[in-house]
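Residue strings, one per chain:
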Amino acid sequence: MEDWALARLNTQQIDLSSQSQLEAYGQLTRNELVSICSQLNCDAAFVAFHHVKDYQALGGLLPQQVRWLDSKLQNTDIAEHRVYSGINNLISALLDDSAYLDSVFTQQQFSNVDNALGASILPQQALEALRSLTEYSLAMSQPCKVGDTWLVLGVITHKSFALVLDKHAYHLASSLELQALSFSIAKKDRQYQELFQQLPIPCALIDNDNRVTRQNHVAKNCLSLELAASVFTLLEVDDHPMLHDTLHIVREGLLRQAWCEVPLLISGLRTWFKLSFCHALDEKGQLLMLAEDITERYRLADQLSFHSNHDVLTGLPNRVQFELLLSEALQDNDSSDACVAFLDLDQFQVINDISGHQAGDELLCQVAKRLKLLLRKGDVVARLGGDEFGILMYSASQESATMVAKRICHQLSEHEFQWRKVKHNVSVSMGLAKLDKNAGDIYSVLSQIDASCRLAKEEGRNQWHFYNEDDPQISKLYNQMLASVDIIGALALNEFELFYQLIEPLEKSETGLHMEVLLRMVQKDGTYVSPAVFLPAAERYNLASRIDRWVIEHLLKWGAANLEIWQQLAMVSINLSALSLGDQKFMSWLEMRLMVEPELVDKLCFEITETAAVSQLDQATALIDFLQPLGCKLALDDFGSGFSSFAYLKCLDVDFVKIDGQFVVNVCHDKGDKAIVAAICQLGKEMEFEVIAEFVENVDIGYLLKSLGVDYAQGYAINKPQKLSSLTSGQRTPWLISDASFYCGADI
């Protein structure tokens, strides 16, 4: 029985592709009921589902599709036709009574009922219909549930023996459940196919031989794939290993999904795609391939890479790329000698100021084009920033490099640049050096050519200078560059220390010390670096303002911490550089800093050099106007060293004038020096400023200066600079204790 039933179920499969779900279920149910009636020799069979709604749940079956009656009962014989109607009425009465069906399924009762039984079991209408069928019996199986199919099988037979229908009910429920699953699978497959075709990106199924078994319309149009063709035909041979590894990772289960980015050959063009692979939901072990066009991303990445390594304005390699090439050349021990050049446009700022930055940009583009034409084949020119260019000359000796530099300087000096009817002269200064393979890094080489270029500018511009470590000018400039690095580190780590040197009154009987604050750089071994070494570097590399700020800040902190000593002092002089005088940001800071120290500022005297005052007369005048209300003094340092000293002195309302040391050191033996000092003293009396003489190296100079009318003296004869931290008292001890009436003068 079971073998027959399974065989029957297998042969009752419905062609789902040619029928609707409703038709298929109706046909399958009817065929099953016919088979059951034939097997059991019954006159009618029907199916009662758990609930009437299950008709729709299982394919939308109608009540008349869940019953079957023997066609012999439909003949013209009136008695037979009455039996047909009675059986139909009985089945309808059972299927239409939901309360009865609920009791059957909930209580799991079953009925084997003949004409004389079942008054308390069947519904009234069903009972009346059954009683009209005097020779027929009703048999029903126990409720049977398979998956989502829950039913009771009923048969009507004219035989009087009882039938057991449970197995037939189970087989019927299994058949219907299989049919429902088949419909569900077919529906999902159709949805999958529709989704597969509607995806907006190329998709394909790849079999175990890496051949295409199916593809959507987008893949067919974009990838030009042919069915049964290998997916490897899209790639260049060099990219095959990457795709092979990606496929292997997914097939071996190392990752559920893997991808690779490869260029595909499409219509002879290389197009970048991201190929993603995962297992397809089928029994063939195929892989689903998704192809995403990432050509635009690679194009943008290439563009970004170009801009990160090239100057946007000129299209030349930028500093990053130039340093990379320089580093590669430095590390290549097999290559021949190379030379490096640093090129700076002369007076480029003038063009920007007169004609605007647009004109400056145009000039940079023109210079970039000319430089590429003037270089040898294979050499590299880069824009390092602003108006600075770098040149890397491969396989170049000093002679060939100087020839290139000479050609560049000559050609650019003849280049006529005109912007809106304004003509500008163009010239360059160049620094060159050999690429020393023993150099520690590229920055040592860059500093060498930078020093050479600066020297070329100082020598008059429009020329070149080749670096030579034995050149004293280069060594001095190079040492200043190194010192600038030390200055930055010293400022950050407070590796400076304040010193002081006394300024002694020659006539006045002051009780407090008058002193000048000096600065020393402290080295790691505890020794001191003289200002004569690091201050020129500070002024060259715009660090002087930061040094002045450090000095003022730490001096005021010392004064606040040693207020008693500070109040004993007569005057404290501080040097201001020319750069600080022209630095508006520094001057604003100085104003704010002095205003918060009212108990200290009246002891301060700021010294500016004569050169700084003359070159920045407006700033010097503004400084005087700012300092005088605060009680601060102003001194003009190195007076007499400039050619316009006396002409500009009347424009500056200064409190002190410090005579340049060149007129003091030999004053006892030089009539000219003595006359200049006397003239300045006389001028001081007339213009009401006091005179300070520097470089007082012995007592004789002191007595002579006193006799000439000098007010103060400063020099090693009085004291050498000492640490400010060692000062314990602000009280003065007189230097010239004897009267100078005995002084007869020197050999003048």
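Residues numbered from 1 in each chain as written. Predicted model: local features only at pLDDT ≥ 70, side-chain atom pairs only at ≥ 80, totals over all residues. Heavy atoms only, no water.

Novice: Whenever I open this one, the overall build of the protein confuses me. Can you help?
Specialist: Helices and strands together make up the secondary structure of the protein, namely 26 helices and 29 strands. Within the protein, the fraction of its 748 residues that count as buried is 48%. Taking the contacts inside the protein whose residues are at least 6 apart along the sequence as the reference set, 63% of them involve residues at least 24 apart. (Helix = DSSP H or I, 4+ residues; strand = E, 2+ residues; numbered from the N terminus. Buried < 20%, exposed > 50% of the residue type's maximum accessible area, 1.4 Å probe, protein only. Contact = heavy atoms within 4.5 Å.)

Novice: Explain the confidence of the model for the protein to me, please; I cannot follow it from the model alone.
Specialist: In low-pLDDT regions, the fine details of the predicted coordinates are not to be read closely. On average, residues of the protein score 81 in pLDDT, and 87% of them reach the 70 mark or higher. Contacts from residues 54–64, a stretch scored under 50 in pLDDT, to residues over four places away or in other chains number 23 contacts. Counting contacts from residues 740–748, a segment whose pLDDT is below 50, to residues more than four positions away or on other chains yields 15 contacts. (pLDDT = per-residue confidence, 0-100.)

Novice: Explain the pairing of strand 12 (residues 339–345) to me, please; I cannot follow it from the model alone.
Specialist: Look at any regular strand and the pattern is simple: side chains alternate between the two faces of the sheet. Taking burial as the measure, the 7 residues of strand 12 include 7 buried ones, the bulk of the element. The alternating pattern of strand 12 places C339, A341, L343 and L345 and V340, F342 and D344 on opposite faces, both of which are buried. Where strand 12 lies against strand 14 (residues 388–393), 6 bridges are found, and the strand directions are antiparallel. Counted as the bridge partner of V340 is L392 from strand 14. (Pairing = 2+ DSSP bridges.)

Novice: In this structure, what is going on with the nonpolar core? I would like to understand it.
Specialist: Taken as a class, soluble globular proteins show a tendency for nonpolar side chains to be buried jointly. Within the largest apolar cluster, 83 residues are counted, with the highest numbers of intra-cluster contacts made by I487, L590, L604, F606 and L705. Considering every element that reaches this core, the biggest residue donor is helix 18 (residues 544–561), with 7 residues. The contacts of I487, once residues within four sequence positions are left out, are F496, M521, F534, A537, A538, L543 and I547. Formed by 50 residues, the second largest nonpolar core is a distinct cluster that contains A48, L95, V155 and I156. (Core = buried A, V, L, I, M, F, W, Y, C linked by side-chain atoms within 4.5 Å.)

Novice: Explanation requested: the side chain of H465 in the structure shown.
Specialist: With respect to the secondary-structure elements, H465 resides in strand 18 (residues 464–466). Judged by relative accessible area, which is 12%, H465 ranks as buried. Within polar-contact distance, the side chain of H465 engages the side chain of D471 at 3.1 Å. Contact partners of H465, with chain neighbours within four places excluded, come to M430, G431, L432, S452, L455, A456, E459, D471 and I474. (Polar contact = N/O pair within 3.5 Å; in protein donor to acceptor, adjacent residues only side chain to side chain.)

Novice: What is the right way to look at the sheet that holds strand 8 (residues 212–215) in this model?
Specialist: What links the strands of a sheet is backbone hydrogen bonding, and the strands pair in either a parallel or an antiparallel sense. Spatial ordering of the open sheet is given by 8-7-11-10-9, a layout of 5 strands whose pairing is antiparallel. Strands with a single pairing partner mark the edges of an open sheet, and in this sheet they are strand 8 and strand 9 (257–266). In this sheet, adjacent strand axes meet at a mean angle of 30° when their direction is disregarded. Pairing geometry for strand 10 (residues 269–279) and strand 11 (residues 287–293), over 7 bridges, is antiparallel. Residue pairing in the sheet places K274 in a bridge with E292 of strand 11. Contacts from helix 10 (residues 295–309) reach strand 9, strand 10 and strand 11, with the element oriented near 125° to strand 10. (Axes fitted to C-alpha atoms, helices over the stretch in contact; angles between N-to-C directions.)

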